[in-house]
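Coordinates in review
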Amino acid sequence: MRIRTFEEYQSAYDQSVSDPEGFWAEVAQDFEWKKPWKKVLDWNFEEPNVKWFVGGKMNITENCLDRHVREKPNHPAIIWEPNDPSDDTATLTYKMLFERVCQFANVLKKHGVVKGDRVCIYMPMIPELAIAVLACARVGAIHSVVFGGFSAQSIADRINDAGCKVVITTDGSVRGPKQIPMKDTVDDALIGCPTVEKVIVSTRTRTPVSMIKGRDIWWEEEVKHVSSECPAEEMDAEDPLFILYTSGSTGKPKGVVHTCGGYMVYTAYTFENVFQYEPGDVYFCTADIGWITGHSYIVYGPLLRGAISVLFEGIPTYPDAGRFWDIIDKHKVNIFYTAPTAIRSLMGFGPEYFKNKDLSSLKVLGSVGEPINEEAWNWYNENIGKGNCPIVDTWWQTETAGIMISPLAHITKTKPSFATLPLPGVQPVLVDENGQEIQGNGVNGNLCIKFPWPGIIRTTWGDHDRCRTTYFSTYKNMYFTGDGCMRDEDGYYRITGRVDDVINVSGHRIGTAEVENAINMHTGVVESAVVGYPHDIKGQGIYAYVICEASSHDSELTRKDILATVSRIIGPIAKPDKIQFVSGLPKTRSGKIMRRILRKVAEGDFNNLGDISTLLDPGVVEDIKAGAIK
Ligand code: PRX
């Protein structure tokens with residue numbers, strides 16, 4: 001159902017609140033179902049137990065592929081732009097993509113993958129990644145894509161948590177000038193992964209890799225021996241489609257589970273309405289498929305709508321800081337969706353990188369993953385959009401599956417750094433610390449959602465109670481987002497950032513506890529505490545306070561060792577930007593670290609530390625202030 005005017009938005013919104021089931025049933029009509037649903041929605045937030053399109057049977061790939069192959073087989077589906085601009089671009093039409101997905105689905109089947117099995121995908125941004133994802137969905141296997149920047153340890157943790165049977169990877173990958181050994185990393189991970197039976201390796205870099213007999217097989221060899229026809233497995237709307245791991249305040253990353261029917265309806269609906277996608281538009285989302293943005297808005301959302309989706313292998317600064325603008329020029333991109341970090345970093349390189357590029361094809365710009373500051377918003381608007389392209393600042397999360405609060409391009413009046421208004425079906429509320437809803441406008445609070453939408457998280461893999469306690473127990477009968485938010489006088493929403501112990505570094509979610517655990521693995525470390533601090537480019541940086549054993553003398557070497565340890569345990573994205581060695585941490589008498597003080601010091605705000613009289617040893621604060629890193 002396509003919204004075309006602000007009045008239509010308002011009436012869709014009103015209907016979605018007064019009659020959510022009627023509203024979503026109408027939206028869902030737009031898809032091919034193998035069997036219709038018996039009930040649109042069943043829910044309670046106590047357990048939680050949310051089911052959409054109950055009893056409906058379908059397969060998301062029939063909606064992404066088969067229907068478009070019937071209607072427009074030779075229409076481009078994916079345009080692949082390689083890391084090196086002098087290499088050939090590849091265009092996969094819907095028919096080509098369909099055949100390759102079916103072929104690879106048959107490879108999975110041949111190796112014993114059946115509905116409900118978990119498959120880990122650890123790959124760079126090449127078409128085979130999208131093909132692997134869709135092939136899993138075709139046979140009903142649950143994919144767990146692990147971002148290519150994670151370490152062997154992180155891969156192993158995720159494989160073991162999900163009990164994956166198969167891993168799909170590549171020999172290596174290229175990112176800018178660097179070659180990255182993907183298969184070696186997988187081999188290291190698999191030392192501790194007893195559930196993995198097969199590893200399917202696609203060729204990208206032709207670097208030598210070890211292939212273990214009986215376990216490792218080549219993608220290119222396998223697809224030669226299978227048919228390119230593969231009927232889609234019949235899935236229940238509530239069968240899991242995928243697991244995607246994400247960081248929270250405590251413990252290890254949790255596997256967010258999304259299910260087939262609701263995810264399909266929600267990603268397609270939000271894609272076409274937020275971006276106002278028109279047939280034939282070229283759409284370019286710069287995210288990695290290893291994150292939710294890539295799942296929902298490179299693969300599923302665009303393909304569900306028969307769109308042309310650009311899949312870019314490289315990085316924004318290779319071979320130079322004009323690469324995004326080159327790609328827009330080369331492929332005549334109409335809709336461009338990126339993260340504030342990228343915008344801030346490219347701003348710094350100056351106008352010479354975009355001034356001679358033809359950006360006139362652009363109609364819509366998008367932003368996602370972190371708050372966009374006004375300066376970056378204005379720069380994006382003036383220099384890239386030339387004042388003609390609305391910026392859709394889209395707020396959402398791994399757990400929400402799709403965009404929740406955002407302008408609709410050309411329909412909702414935008415305002416710098418505001419995500420503006422909720423999409424139809426989304427009922428946001430701001431609550432105070434006591435869980436009381438804050439009414440009216442011109443207010444601030446914690447952002448919750450009080451009614452289910454089709455893309456809502458269903459469970460956390462293997463531990464349903466963790467889902468309940470993390471999202472549904474802070475405030476009764478509400479989904480808690482973990483974000484702070486203001487609603488201004490116009491009723492517009494502005495997300496102010498996380499209110500929990502999650503840091504958002506360049507749009508990547510990192511749990512402070514995770515980084516602390518990794519730092520504490522270093523032999524010389526006694527204890528550590530990690531906080532976020534404002535960072536000009538990354539949004540937030542990671543500041544670690546570390547207590548070392550007295551014996552470590554060479555602090556520079558220890559610092560480097562700690563960075564290497566964090567890289568090894570989590571991955572380079574979690575490396576602290578600043579490490580301050582301290583003799584003690586500010587703890588209350590009950591042993592709790594007062595992070596508020598650490599955050600203030602990291603921000604350089606020494607005068608507003610608040611009451612420190614409840615500390616066991618207020619003296620440590622002076623030491624911490626004295627050694628603070630600018
Ligand atoms: O803090 C919010 C921030 O990113 C978090 C979700 O991260 P993740 O699950 O990795 O998903 C990122 C891509 C959707 C949120 O809790 N965030 C996301 N989008 C915005 C944002 N903060 C402000 N404005 C946004 N547009």
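Up top is the structure.
Thresholds applied
- Counting of residues starts from 1 at the beginning of each chain's written sequence and follows it residue by residue.
- The predicted origin of the model limits local features to residues at a pLDDT of at least 70 and limits the giving and counting of side-chain atom pairs to 80 or more, whereas totals for whole chains, interfaces and linings rest on all residues.
- Side-chain numbers come from the whole structure's heavy atoms, not from hydrogens or water.
- In this description, a line fitted to the C-alpha atoms serves as the axis of each element, helices being fitted only across the stretch in contact, and the angle between N-to-C directions of two axes falls anywhere from 0 to 180 degrees.
- In this description a helix means any DSSP run of H or I spanning at least four residues, a strand means any run of E spanning at least two, and both kinds are numbered starting from the N terminus.
- Note that the term roughly parallel is reserved for angles under 35 degrees, roughly antiparallel for angles over 145, roughly perpendicular for angles of 65 to 115, and oblique for everything else.
- Two helices cross in a left-handed way if the nearer one is turned anticlockwise from the farther one by less than a right angle. They cross in a right-handed way if the turn is clockwise.
- The contact rule is simple, with two residues in contact once any of their heavy atoms fall within 4.5 Å.
- Residues were grouped as follows: Ala, Val, Leu, Ile, Met, Phe, Trp, Tyr, Cys and Pro as nonpolar; Asp, Glu, Lys and Arg as charged; and all remaining residues, including Gly, as polar.
- For each residue, the test is whether any non-hydrogen atom lies within 4 Å of the molecule or strand; if one does, the residue is near.
- Counting of polar contacts relies on pairs of N or O atoms within 3.5 Å, with two restrictions inside protein: one atom must be capable of donating a hydrogen and the other of accepting it, and residues adjacent in sequence are counted only when both atoms are side-chain atoms.
- Accessible surface area values rest on a Shrake-Rupley calculation with a 1.4 Å probe, where residue burial reflects the displayed protein chains alone.
- Helix span is expected to be 1.5 Å times the residue number reduced by one.
- Three exposure classes are used, based on accessible area relative to the maximum for each residue type with a 1.4 Å probe and protein chains only: buried under 20%, partly exposed in between, and exposed over 50%.
- Salt bridges are identified by distance alone: a Lys or Arg side-chain nitrogen within 4 Å of an Asp or Glu carboxyl oxygen.

Attention now moves to the packing of helix H3 (residues 60-71) against helix H10 (residues 292-304). Between H3 and H10, whose axes approach to 8 Å, the crossing angle comes to 55 degrees. On the basis of their axis angle, the class for H3 and H10 is oblique. As for the relative orientation of H3 and H10, their crossing is left-handed in sense. Contacts from Ile60, Asn63, Cys64 and His68 in H3 reach Tyr300, Leu303 and Leu304 in H10. Class assignment for the residues of the contact of H3 with H10 results in 5 nonpolar, 2 polar and no charged.

Let's shift gears to the site of the ligand. Close to the ligand lie 17 residues, the nearest being Asp393, Thr398, Asp483, Arg498 and Arg509. Measuring from an oxygen atom of the ligand, one finds a side-chain N or O atom of Arg509 at 2.7 Å. Taken by itself the ligand offers 540 Å² of open surface, and the protein chains cover 96% of this. Listed by contribution, the elements that provide at least two residues to the shell around the ligand are H10, strand S20 (391-394) and strand S25 (493-498). Of the residues that constitute the shell around the ligand, the class distribution is 6 nonpolar, 6 polar and 5 charged.

The omega torsion across Glu47 and Pro48 is -10 degrees, close enough to zero to call that bond cis. For Pro48, the location among the structural elements is in the loop between strand S1 (39-44) and strand S2 (49-54). Geometrically, the link from Tyr318 to Pro319 is a cis peptide bond, its omega value of 0 degrees lying close to zero. Within the fold, Pro319 resides in the loop between strand S17 (308-312) and helix H11 (323-331). A positive phi is found at Thr420, a non-glycine position, where the angle reads about 65 degrees. Mapped onto the elements, Thr420 comes out in the loop between S20 and strand S21 (428-431).

Turning next to H3. An α-helix turns once per 3.6 residues; consequently, residues spaced three or four apart project the same way. Under the 1.5 Å per step criterion, the end-to-end length of H3 is 17 Å for 12 residues, consistent within 8% with the ideal 16 Å. Judged by how many residues are buried, H3 sits mostly within the fold: 10 of 12 residues are covered. Buried residues in H3 make contact with strand S3 (57-58), helix H4 (94-110), helix H5 (127-139), strand S14 (240-246), helix H9 (260-275) and H10.

Here the focus is the pattern of salt bridges. Under the definition given, this model contains 43 salt bridges. Residue Lys35 is joined to Glu234 by a salt bridge in which the shortest nitrogen-to-oxygen separation is 3.2 Å. Here the residue Lys35 occupies a position in the loop between helix H2 (20-28) and S1, and Glu234 occupies one in the loop between helix H8 (219-224) and strand S13 (235-236), the gap between them amounting to 199 residues. Judged by its relative accessible area of 42%, Lys35 falls in the partly exposed class.

For the rest of this paragraph, the subject is the environment of Trp43. Mapped onto the elements of the fold, Trp43 is located in strand S1. Between the C-alpha atom of Trp43 and that of Val299, which follows or precedes it by 256 residues, the distance is 28 Å. If we ignore the near neighbours within four places in the chain, the residues touching Trp43 are Asn49, Val50, Lys450, Phe451 and Pro452.

The contact between helix H1 (residues 6-18) and H2 brings their axes to 5 Å, and the two run at 120 degrees. Relative to H2, the element H1 lies oblique. Note on element contacts: H2 touches H1 through Pro20, Gly22, Phe23 and Glu26, opposite Ala12, Gln15, Ser16, Val17 and Ser18. Of the residues contributing to the contact of H1 with H2, the split by class is 4 nonpolar, 4 polar and 1 charged.

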